[in-house]
Amino acid sequence: MCNDPLLPAPVAAALSDYRALRDAHGPCWGETSLSYVAQAWATVYLDRRHDFWNKGLRLMAERYPDVPADELEDYLGEVDLDRVVRDALAGDVVDNLPVLRLSPGGCAVEAVTRTVLEGEPFRTALLLDSSRDEPVTVVVDGTPYTVEPRGAKTVEVSESVVVDGNPVDLAPLSRRAPAATLRVRAGFPCRWSVIGANGQGWYPDGAPPKLDGHRTPYFHGDDLLVRVPAEPITVTVARGMEYGTCEVTVTPSAGAETLVELTPDRLYDSAARGWYGGDLHVHLNWMGEEPAAPELAAAAQHGEDLHVLNLVAGNVASERVYDVEALEQWVGKDLPWSDDRHVARIGVEYRNDLLGHCTAFGLRGVPGRYHTGFGDAPDWPPNAVACEELRELGGIISYGHPFHTAFGEEDPPDIVLSRGRACSAREIVAGAALGHVDTLDVLNHSSILATAAVYRRLVGAGNRLAVTAGTDAVLSFCRRGTASAPPGWERVYAHVDGPLTAESYAEAVRLGRTFATTGPWLEFTVNGRGPGDTLDLAPGQEVEIEVSSIGPEVEQLEIRTAAGVLAQGPPGRLTATFTADEPTYVVAVATGGVHPRSQHRRGAYAHTSPVYVDVAGTHVAREADVRWCLAWLDRLEQIVREFGRFDTPAQLGDHLALYDRARRIYRERLP
């Protein structure tokens, strides 16, 4: 019997099942091939430079020439993944996918040569890319594979490849090097990158070969041994967004151990100010190359000095709910690696691809449902029902990765309310009005600017929602952009009264005492009051605002009210004043370009929750924002009627009744 407190028997059994699924089916674990499942497989080899979506849509257009362009994404799960990877690479060769080019005149290997330690085995994926007009058979390690005319196929190779009866020279794939050992030590858990001159990462035994959003190799821990080639090696240490980095290059001796001691410098100490940073949307297992044990989450949380971690159980495209065994084991309890500075809990991501995905933190019990609308299941009941159940179980409720479409401040709702099943937070406008939702993950892995614009519309329409952050990091992925980056690469900081607990943190978030960030520290007061507070002023009273930032990535500070941008300025400190003539809200925003400290492709960003400015007892409900929310509900009704799947008219009727209830609330807020 297993006595490991991090791996109780039901969790260990589930982990064994996940490994069996991975071994049988590869990184998608046998999940139904929806568009994002197909993308998950492809991004094992593709990065931000490579256009999976448009290349895939082009292949679908060839297969279905009569399907309108705006409907092709519905078929993307059927794409030939080998071909779309080949086409998206557009001639590039990546480190984990050498290519065998099969031309009419012969064949040639192209590769980023990998360093292999002497005496260790070598195996790699190999892309067979044919420009021939007829099928070709390639024999790999004794197994024949047929590549269709101008087709592609991905195989695994370790020893031999034969084409047209002739062996292929595999020397470009790898080179041998004598082995050495590095011991890396900081004195406390950190994030380490150990990289050779060719950019290849090296890892301790048992550590998954993870890359972050910049494709930088990393692992977590302290006082660790790493086998490396006896060649120049660059070692970098970091520890989440509150620290800088420290780096050194060494050349270890073959057969010897070399000690590298590095300590990252602290940029700011949020806990000393009563602020604690959390990531409210992290998966332990959700497909991927290496099923993840809880030990990996513990190492990541402490290595990133992430104060609050919300691991979520959720499905992908079928009935299977990953990590539900861990939820049943630990719901309502701090996970075993928690301490007075680090709190970890397990919650839920409730998923419906038509209406949006909701996360819950701080649950006291196990919910009765985890998803709707997958397989043959109807899109029923509305997300509101699940949100109410999760709320009754003690959870604070948010919408994760809310929007994926570019959206401007003045755009109508139909710009962001795209067709089909897009995993967007479509029910948020109803949920906000009806009080089913506490927060919105303005900081997320997708469109931050679109989400921020929608968030400010919601707040301007009279809803009270906190700003939060959820990275949607997946610990079982090794190479999938920000999904394989460390948890906490975005964080929601909450101001906690007293000791840090799951309950005190949840209460601070619920009260809106938050800001969310990719890294910058952002402080903000309005007449001396902070985010989540309400000022009740008489008409004509003066309002004084002060914003300050810390972080090398910040390029601009901004103060916004319901009317728009009030003030802008350089990083460091920004102040502004205005006269309170009508109810409004005030938020602060920090922005910057692409920077090593920001994993998000759009660069640095931080956004506070509002300070609400009531005037003569009246709360903000800007007419333009209220009407915008009403237009949203009209558009949402169209989408649900067209794309929703229901077994009975009454199921659709439940959605329409929900929207009518929300409409009544918004209409009551109009002048």
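How each quantity is defined
- Residues numbered from 1 in each chain as written.
- Predicted model: local features only at pLDDT ≥ 70, side-chain atom pairs only at ≥ 80, totals over all residues.
- Heavy atoms only, no water.
- Pairing = 2+ DSSP bridges.
- Helix = DSSP H or I, 4+ residues; strand = E, 2+ residues; numbered from the N terminus.
- Axes fitted to C-alpha atoms, helices over the stretch in contact; angles between N-to-C directions.
- Salt bridge = Lys/Arg side-chain N within 4 Å of Asp/Glu carboxyl O.
- Buried < 20%, exposed > 50% of the residue type's maximum accessible area, 1.4 Å probe, protein only.
- Core = buried A, V, L, I, M, F, W, Y, C linked by side-chain atoms within 4.5 Å.
- Contact = heavy atoms within 4.5 Å.
- Polar contact = N/O pair within 3.5 Å; in protein donor to acceptor, adjacent residues only side chain to side chain.
- Phe/Tyr/Trp six-rings, centres within 6.5 Å; stacked < 30°, edge-to-face > 60°.
- Lys NZ or Arg CZ within 6 Å of the ring centre and 35° of its normal.

Colleague: I'm lost on the sheet that holds strand 15 (residues 224-229) in this one. Help?
Modeller: For sheets, the rule is that strands pair by backbone hydrogen bonds, running either parallel or antiparallel. Across the sheet, which stays open at both edges, the 3 strands sit in the order 15-11-18 with mixed pairing between neighbours. Every interior strand has two partners, whereas the edge strands, strand 15 and strand 18 (257-261), have only one. Between one strand axis and the next, the sheet turns through 30° on average, direction left out of account. Bridge analysis of strand 11 (residues 179-185) against strand 15 gives 6 bridges, and the strand direction is antiparallel. Bridge assignment links Ala-179 to a residue of strand 15, and that residue is Pro-229.

Colleague: Honestly, the pattern of salt bridges in this entry has me stumped. Any pointers?
Modeller: Pairing between side chains of opposite charge can happen when the charged atoms of each approach one another. Under the criterion given, the structure shown has 56 salt bridges. The shortest N-O distance in the salt bridge between Arg-641 and Glu-637 comes to 3.1 Å. Here Arg-641 pairs with Glu-637, and both are found in helix 11 (residues 623-643), just 4 residues apart, close to one helical turn. Residue Arg-663 pairs with Asp-660 through a salt bridge whose shortest N-O separation is 2.8 Å. Pair noted here: Arg-663 and Asp-660 are both in helix 12 (residues 649-669), with a separation of 3 residues, about one helical turn. Given a relative accessible area of 37%, Asp-660 falls into the partly exposed group. Residues participating in the shared-partner salt-bridge network are Arg-58, Glu-62, Arg-83, Arg-86, Asp-87, Arg-101, Glu-110 and Asp-129.

Colleague: Which parts of the structure should I look at to understand the nonpolar core?
Modeller: In a soluble, globular protein the nonpolar side chains are often hidden away together inside. Ranked by internal contacts, the top residues of the largest apolar core, which has 106 residues, are Ile-428, Leu-458, Tyr-505, Trp-632 and Tyr-666. In terms of residue count, helix 11 provides more of this core than any other element does, 10 residues in total. Setting aside chain neighbours within four positions, we find Ile-428 in contact with Tyr-399, Phe-403, Val-437, Leu-440, Leu-458 and Trp-632. Residues Ala-40, Leu-46, Val-474 and Phe-477 belong to the second largest nonpolar core, which totals 42 residues.

Colleague: Any chance you could explain the side chain of Asn-285 here in plain terms?
Modeller: The residue Asn-285 is located in the loop between strand 19 (275-283) and helix 5 (294-303) in this model. Given a relative accessible area of 1%, Asn-285 falls into the buried group. A polar contact is formed between the side chain of Asn-285 and the backbone nitrogen of Ala-292, at a distance of 2.7 Å.

Colleague: Can you walk me through the packing of aromatic side chains in this structure?
Modeller: Given two aromatic rings, one states the distance between the centres and the angle between the planes to describe the pair. Scanning the model with the defined rule gives 18 aromatic pairs in all. The interplanar angle of 70° and the centroid separation of 5.5 Å between the aromatic rings of Trp-41 and Tyr-45 together place this pair among those described as edge-to-face. For Trp-41, a relative accessible area of 16% corresponds to the buried category. Exposure remark for Tyr-45: the relative accessible area of 9% places this residue in the buried category. Centre to centre, the rings of Trp-275 and Trp-521 are 6.2 Å apart; their planes meet at 85°, and the pair counts as edge-to-face. Here Trp-521 lies in strand 30 (residues 521-526) and Trp-275 lies in strand 19, a separation of 246 residues in the sequence. Here Trp-521 falls in the buried class, since its relative accessible area comes to 0%. Through successive ring pairs, a cluster of aromatic residues spans Tyr-268, Trp-275, Tyr-493, Phe-515 and Trp-521. Above the ring of Tyr-612, the side-chain terminus of Arg-464 is found at 3.9 Å from the ring centroid.

Colleague: Can you help me understand the sheet that holds strand 12 (residues 190-196) in this one?
Modeller: Pairing is antiparallel in the open sheet, where 5 strands are placed in the order 13-14-12-16-17. One side of each edge strand has no neighbouring strand; the edge strands of this open sheet are strand 13 (210-211) and strand 17 (246-250). The sheet contact formed by strand 12 and strand 14 (residues 217-221) spans 3 bridges and is antiparallel. Residue pairing for strand 14: Cys-190 is matched across the bridge by Gly-221.

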